[in-house]
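# Summary of structural features
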Amino acid sequence: MTLNAPIDGVNLPLRTCEDPIAQKLPRMYLELFDVLAAQLGESEQGRFTLAVAKEPPTVIDARNLAYAVGHVSARPMVIRWEGMDRGMMRALESEGIAYIRDAADAYLPFMGIKVSSGLDAPEPRPLSAQAQRIVLNLISGRWDGLTAGELASLCGRSRPSVSKYLSEIQAIAPGLVRSRGKSRVLRNPSHPVEDLLDGVEGYLSSPVERRVRMAIRPDVATLGDAGALLAGKTALAFFSDLAHDDERTTVAMDKAGLERFRDALGDSWVEAHWYEPCPLEVELWAYPIDAPSDVSVVASGLRSVDALSLYVECSKRDTDDIRLLDAVDQLRERICRS
């Protein structure tokens, strides 16, 4: 990392290594911070102890750690957390605690340095479809440790677009996006699935853009060729004790799959009126499923959307169906145990 502050003429490399004083600190602090020896530039004045937070720190945590470090070292201590908002930075400054958020926001009074972007972290808001796709893949254990460039390739999106998605994720869960040199990296800092889901669930939305009620139910081969995956109550029955509904099958398709499906049916494409039976419901999803489940293949000949994606779809439904709600709870427990 290089700390740049053109207004003060600062352009100094930041180097870190293991710090022996970490062994002299109470273990409780080492569970919250990685304590490193740091050097900013080449002068003796630029030597300090860097405490990199493993999770969102509080001002009290920072104050207590500074007190503990002061008992074992004469070097200044600096807090580092990339998700720091403007309010926390002001609070640390009022306590006289040095910090580095990133190269654009740092307060190092022992060196006479203060740089500020004047910008806060992005405001937390519901994730866009592609940002949701990325964070669900991370929670599921995939895509962990991937750079923005690697994610762009997997998502079929440009790097600037993926950078925007990562900013959305960072706004709701700062610890999930880290910097590695000039790259941004998607990273789960060893949080359990349940904790990750608890943290982002309020920002997730239904992936279903629209539903098409079909008056016919084509054969499995036609559905498979369109990339159909079992979804909704049909898939939920394979992940819980919800009874199978033999009268209606629900499948998910992306936009390209739905177009292939329409072309394959041709004149046989017939949609059901709202008052007519609907043997097939097609859900148009806003993003593709990257790792479908085989849980339903033997029984139906079709794969299903994965458990986590299914949970998001079903949990975002506006329903008072007790059986469905109970099945969704079972699915969540299954996901959190995995």
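All figures in this text were calculated on a predicted structure; none of them were measured in a lab. (Residues numbered from 1 in each chain as written. Predicted model: local features only at pLDDT ≥ 70, side-chain atom pairs only at ≥ 80, totals over all residues. Heavy atoms only, no water.)

Positive phi outside glycine occurs at W143, with the angle close to 60 degrees. The exposure class of W143 is buried, given its relative accessible area of 11%. Phi is positive for S190, which is not a glycine, with a value near 65 degrees. By the secondary structure assignment, S190 is in the loop between β10 (183–186) and α7 (193–200). Exposure remark for S190: the relative accessible area of 68% places this residue in the exposed category. (Buried < 20%, exposed > 50% of the residue type's maximum accessible area, 1.4 Å probe, protein only. Helix = DSSP H or I, 4+ residues; strand = E, 2+ residues; numbered from the N terminus.)

Taking 1.5 Å per residue as the helical rise, helix α13 (residues 322–337) with its 16 residues ought to reach 22 Å, and the 23 Å between its terminal C-alpha atoms agrees with that figure. Among the residues of α13, L324, A327, V328, L331, R332 and I335 are the ones counted as buried. Along α13, the residues classed as buried sweep out an arc of 145 degrees about the axis, all on the same side. Counted as exposed and oriented over 90 degrees from the buried face of α13: I322, R323 and R337. Packing partners of the buried residues in α13 comprise α7, α9 (232–239) and α12 (307–315). Between a side-chain oxygen at the N-terminus of α13 and the backbone nitrogen of R323 the separation is 3.0 Å; the capping residue is D321. (Expected span 1.5 Å × (residues − 1). Arc of directions from axis to C-beta. Contact = heavy atoms within 4.5 Å. Polar contact = N/O pair within 3.5 Å; in protein donor to acceptor, adjacent residues only side chain to side chain.)

What follows is about the layout of surface pockets. Taken as a whole, the second largest pocket holds about 280 Å³ of empty space. Along the wall of the second largest pocket there are 16 residues; nearest its centre are R217, L230, T234, T249 and S300. Every element with two or more residues in the lining of the second largest pocket is listed here: α8 (220–225), α9 and α11 (297–300). Examining the composition of the lining of the second largest pocket, we find that 3 residues originate from one element, α9, more than from any other. Grouping the constituent residues of the lining of the second largest pocket by class yields 8 nonpolar, 4 polar and 4 charged. (1 Å grid on protein atoms, 1.4 Å probe; cavity = no way out; pocket = protein on both sides within 12 Å on 5 of 7 lines; lining within 4 Å. Points joined across faces, edges and corners; volume = space filled by probe spheres on them. Nonpolar A, V, L, I, M, F, W, Y, C, P; charged D, E, K, R; others polar.)

Enumeration over the complete set of coordinates arrives at 1 cavity of 30 Å³ or more. Space inside the largest cavity adds up to approximately 70 Å³. Every residue lining the largest cavity is listed: R133, L136, N137, S140, R142, Y287, P288, I289, D290, D306 and S309. When residues of the lining of the largest cavity are assigned to their parent elements, the largest contribution, 3 residues, is made by helix α4 (residues 129–139). Taken together, the residues of the lining of the largest cavity break down into 4 nonpolar, 3 polar and 4 charged.

A few words now on the pattern of salt bridges. Throughout the structure, instances matching the rule amount to 18 salt bridges. Two residues, D294 and R303, come together in a salt bridge whose shortest N-O distance is 2.8 Å. The exposure class assigned to R303 is partly exposed, which follows from its relative accessible area of 36%. A salt bridge links R323 to D321; the nearest nitrogen and oxygen atoms lie 3.7 Å apart. Taken together, the shared-partner salt bridges in this structure form one network comprising R211, E283, E313 and R317. (Salt bridge = Lys/Arg side-chain N within 4 Å of Asp/Glu carboxyl O.)

With 6 of its 6 residues buried, strand β14 (residues 280–285) lies for the most part within the structure. Burial along β14 is two-sided: L280, V282 and L284 and E281, E283 and W285, pointing in opposite directions, are all buried. In this structure, strand β11 (residues 208–214) lies alongside β14, joined through 6 bridges in antiparallel fashion. What sits directly across from R213, in β14, is E281. As paired strands, strand β13 (residues 249–253) and β14 are joined by 5 bridges and run parallel to one another. When the bridges of β14 are listed, V251 appears paired with V282. As for the winding sense of the linkage, the β-α-β connection from β13 through helix α10 (residues 255–265) to β14 is right-handed. (Pairing = 2+ DSSP bridges. Right-handed = clockwise from strand over helix to strand, strands pointing away.)

What follows covers the sheet that holds strand β12 (residues 229–230). Here 4 strands make up an open sheet; going across it, the order is β11-β14-β13-β12 and the pairing mixed. The strands lining the two open edges of the sheet, one partner per strand, are β11 and β12. Of the strands in this sheet, β11, β13 and β14 are in contact with α10, which crosses β14 at around 145 degrees. (Axes fitted to C-alpha atoms, helices over the stretch in contact; angles between N-to-C directions.)

At their nearest, the axes of α9 and α13 sit 10 Å apart, and the two run at 55 degrees to each other. Comparing their axes, α13 and α9 come out oblique. Read as a crossing pair, α9 and α13 show a hand that is left-handed. Between α9 and α13, the residues in contact are K233, L236, F238 and F239 and L324, A327, V328, L331 and R334, respectively. Class assignment of the residues belonging to the contact of α9 with α13 gives a composition of 7 nonpolar, no polar and 2 charged. (Parallel < 35°, antiparallel > 145°, perpendicular 65-115°, else oblique. Left-handed = near helix turned anticlockwise from the far one by under 90°.)

All we've got here are geometric facts, nothing functional implied.
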